[in-house]
Amino acid sequence: QVQLVESGGGLVQAGDSLRLSCATSGLTFSSYTMGWFRQAPGKERELIAYVTVIGDTWYADSVKGRFTISRDNAKISVYLQMSSLKAEDTAVYYCAARLRYRTQYIHWGQGTHVTVSS
């Protein structure tokens with residue numbers, strides 16, 4: 001059974017940093033591109049970053065330069081280091097996995113809440 005479990009969310013102030021973690025089990029981690037999504041209140045879920053099986057990364061413009069995605073294949077985990085947080089970063093953050101060469105994310109975590117107070 002595939003599981004993705006996010007952790008590290010919480011309440012922080014604008015300008016603070018936060019690191020999210022996503023621990024996985026039940027999948028061949030090294031075969032998956034890992035992504036972080038977020039869903040703000042009243043908005044659709046959006047992809048904000050991903051890291052490929054070879055370590056290439058992509059970021060949405062809204063987080064580029066502030067967030068860093070990384071993966072640890074030995075720990076079968078993916079991370080999202082968030083800095084210079086803004087109130088508009090408040091959302092539920094989800095990690096997700098898609099097979100390389102595929103476009104659809106097929107495995108999802110339950111999400112972790114991040115609230116940034118201004």
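For the structure itself, look to the data block above.
For clarity, every value in this text was computed on a predicted model and none was experimentally measured.

Attention now moves to the nonpolar core. If you look at the biggest cluster of nonpolar residues, it comprises 28 residues, and the most contacted ones within it are W36, L80, M82 and Y93. Contributions of two or more residues to this core are made by β3 (18-25), β4 (32-39), β5 (46-51), β7 (67-72), β8 (77-82), β9 (91-99) and β11 (112-117). The element best represented in this core is β9, accounting for four residues. With five residues, the next largest nonpolar core counts F37, Y94, A96 and Y105 among its residues.

All right, on to the pairing of β7 then. Across the two faces of β7 the burial differs, with F67, I69 and R71 buried and T68, S70 and D72 not buried at all. Where β7 meets β8, six bridges bridge the pair, whose relative direction is antiparallel. Pairing of D72 across the sheet is with S77, part of β8. What sits between β7 and β8 in their antiparallel hairpin is a turn of four residues, with I76 showing a positive phi close to 45°.

Within a sheet, each strand pairs with its neighbour through backbone hydrogen bonds, oriented either parallel or antiparallel. The four strands are arranged β1-β3-β8-β7 in an open sheet whose pairing can be described as antiparallel. Lying at the two open borders of the sheet, with one neighbouring strand each, are β1 (3-7) and β7. Along the sheet, successive strands turn relative to each other by an average axial angle of 15°, direction set aside. In this sheet, β8 lies alongside β3 in antiparallel orientation, the contact comprising six bridges. Looking across to β8, one finds that L20 is bridged to L80.

Turning to the pairing of β1, a few remarks are in order. Of the two faces of β1, only one is covered, namely that formed by L4 and E6; the face formed by Q3, V5 and S7 stays uncovered. Pairing of β1 with β3, which is carried by five bridges, proceeds in the antiparallel orientation. Each residue of the ladder has a partner; that of S7, found in β3, is S21.

Cut-offs and rules
- Residues numbered from 1 in each chain as written.
- Predicted model: local features only at pLDDT ≥ 70, side-chain atom pairs only at ≥ 80, totals over all residues.
- Heavy atoms only, no water.
- Core = buried A, V, L, I, M, F, W, Y, C linked by side-chain atoms within 4.5 Å.
- Buried < 20%, exposed > 50% of the residue type's maximum accessible area, 1.4 Å probe, protein only.
- Helix = DSSP H or I, 4+ residues; strand = E, 2+ residues; numbered from the N terminus.
- Pairing = 2+ DSSP bridges.
- Axes fitted to C-alpha atoms, helices over the stretch in contact; angles between N-to-C directions.

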